[in-house]
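Each chain, letter by letter, is given below.
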Amino acid sequence: MVCMNTIAIVGAGAWGTALANAVARAGRDVVLWARDEKTVAAMRRGRVAPRLAGVRIDDKVTPTADLAQTGAADAILLVVPAQALRDAARQLAPHVAASRPVIACAKGIERGTGAFMTEIIAQEIPSAVAGILSGPSFADDVARGLPTAVTLAMPDDAMARDLSARLGSTAFRPYHTDDVRGVEIGGAAKNVLAIASGIVAGRKLGASAAAALTTRGFAELVRFGRAFGARSDTLMGLSGLGDLLLSCSTAQSRNFSFGIALGEGRLASAGKLAEGQFTALALAQKAAGQGVEMPIAQAVCEVVEGRWTVDQAIEALLTRPFRSEGA
């Protein structure tokens, strides 16, 4: 097993702080980077997580505003929103030693470039070993030590296995794989589909419609994943079906909550980032480029981009031609 006793986490939002606590419980020393020095001082002084009410930051976590300090760690988790990942990776690049694992912990596709998260890391930090951590997980659950399972994907499965063992504990269980693309596709697509599920809930279309939407949404996720070489077992696993089921079933999901607001005809809560809102266009464009039919994801894209109303999106889906379920 490769020595990975110090883990750096870039990004001290809710998910970054939750992962810091989880990794600290696994017995590792953790460096947690935040941009704002006042936030760092408050975390050091009171051990309070600014984005997680009532959660204490573990004593093995060292908050810092010095990005160079993260580069000395044995592995780095890049925990920033998908659309901010490139800028964060670019700033981190001068501090990262060759062959250092840099793991994206965001779920999305970059607007404009259509790049997946690991592609951004490879472009901005070419000497790093890029990976992705994804799966059915809420920050509050992980921060409080509630049982959670996720997937860690790296091109070298042996390295992924070693890092999983270093990050994991009885409460936080990372499964490992070398199907990097499959894991990041599951996370990106499910965010968009969760918005659609939220719209169904917000419009009070019923449990039957919710089940149908989730099932047909998963069929879209699988079609998209296969077009990009993802393995079926990955798409059926934690980072695919597992994360989709979680995100499409509870208002704890920011994307689901965003969809509810759309369905009810109101604005979503301020300060709650719904990654699917920004990924929808990139997902639809990549699907079209590969000739992959994703009517639900496309309908979400049309709504969030302001081209369709919610009623127009529902009508478009309900008036599609009847077809074989396997098509």
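In the block above lies the structure referred to throughout.
This paragraph deals with the pattern of salt bridges. In the structure shown here, the tally under the stated rule is 18 salt bridges. The salt bridge involving E119 is made with R181; its shortest N-O contact spans 3.4 Å. Residue E119 is located in helix α5 (residues 117-124), and its partner R181 is located in helix α8 (residues 180-202); the two are separated by 62 residues in the primary sequence. R181 sits in the partly exposed class, given a relative accessible area of 22%. Sharing partners across several salt bridges, the network here consists of R86, R90, E110 and E124.

By secondary structure assignment, the location of A20 is in helix α1 (residues 14-25). Under the relative-accessibility criterion, A20 is labelled buried at 0%. Along the chain, A20 and E119 lie 99 residues apart, while their C-alpha atoms are 24 Å from each other. The contacts of A20, once residues within four sequence positions are left out, are I9, V30, L32 and V61.

Moving on: the packing of aromatic side chains. A ring pair, where both rings are aromatic, is described by two values, the distance of the centres and the angle of the planes. Scanning all chains against the criterion turns up two aromatic pairs. Look at F116 and F228: their rings are 5.7 Å apart centre to centre, the planes differ by 85 degrees, and that puts the pair in the edge-to-face class. With F116 in the loop between β5 (101-104) and α5 and F228 in the loop between α9 (207-227) and α10 (232-235), this residue pair connects regions lying 112 residues apart in the sequence. Ring geometry for F224 versus F228: centroids 4.8 Å apart, planes at 45 degrees, classification tilted. Taken together, F116, F224 and F228 form an aromatic cluster joined through their ring pairs.

Turning our attention to the sheet that holds strand β4 (residues 75-78). With respect to topology, eight strands assemble into an open sheet ordered β3-β2-β1-β4-β5-β6-β7-β8, the strand pairing being mixed. The open sheet is flanked by β3 (61-64) and β8 (172-177), the only strands paired with a single partner. The average undirected angle you get between the axes of adjacent strands in this sheet is 25 degrees. Both β5 and strand β6 (residues 129-134) contribute to a ladder of four bridges, which runs parallel. Looking at β6, one finds that I103 is bridged to G131. Where helix α2 (residues 37-46) meets the sheet, its contacts fall on β2 (29-33) and β3, and the angle it forms with β3 comes to roughly 155 degrees. In the packing of helix α7 (residues 157-167) onto the sheet, contacts are made with β1 (6-10), β4, β5, β6, β7 (148-153) and β8, and the angle to β8 comes to roughly 175 degrees.

Okay, the pairing of β4 next. Because side chains alternate across β4, one face comprises the buried residues A75 and L77, and the other comprises I76 and L78, equally buried. In this structure, β1 lies alongside β4, joined through four bridges in parallel fashion. Across the sheet, residue I9 finds its bridge partner in β4, namely L77. Relative to β5, β4 is paired through three bridges, and the arrangement is parallel.

So, how was this worked out
- Throughout, residues of each chain are indexed from 1 in the direction in which the sequence is written.
- Owing to the predicted nature of the model, reporting of local features is limited to residues with pLDDT of at least 70; listing and counting of side-chain atom pairs is limited to 80 or more, with chain, interface and lining totals taken over all residues.
- Excluded from the side-chain calculations are hydrogens and water; all other atoms, namely the structure's heavy atoms, are used.
- Salt bridges, as used here, are contacts in which a Lys or Arg side-chain nitrogen is within 4 Å of a carboxyl oxygen on Asp or Glu.
- To qualify as a helix, a DSSP run of H or I must reach at least 4 residues; to qualify as a strand, a run of E must reach at least 2; elements of each kind are numbered from the N terminus.
- Three exposure classes are used, based on accessible area relative to the maximum for each residue type with a 1.4 Å probe and protein chains only: buried under 20%, partly exposed in between, and exposed over 50%.
- Whether two residues are in contact is decided by their heavy atoms, any of which lying within 4.5 Å being enough.
- Only rings of Phe, Tyr and Trp enter the pairing, Trp through its six-membered ring, and a pair is recorded when the two centres are within 6.5 Å. The plane angle decides the type: under 30 degrees is stacked, over 60 is edge-to-face, the rest tilted.
- A pair of strands is considered paired only if DSSP assigns at least 2 bridges between the two.
- Think of each axis as a best-fit line through the C-alpha atoms, taken over the contacting stretch in the case of a helix, with angles from 0 to 180 degrees between the N-to-C directions.

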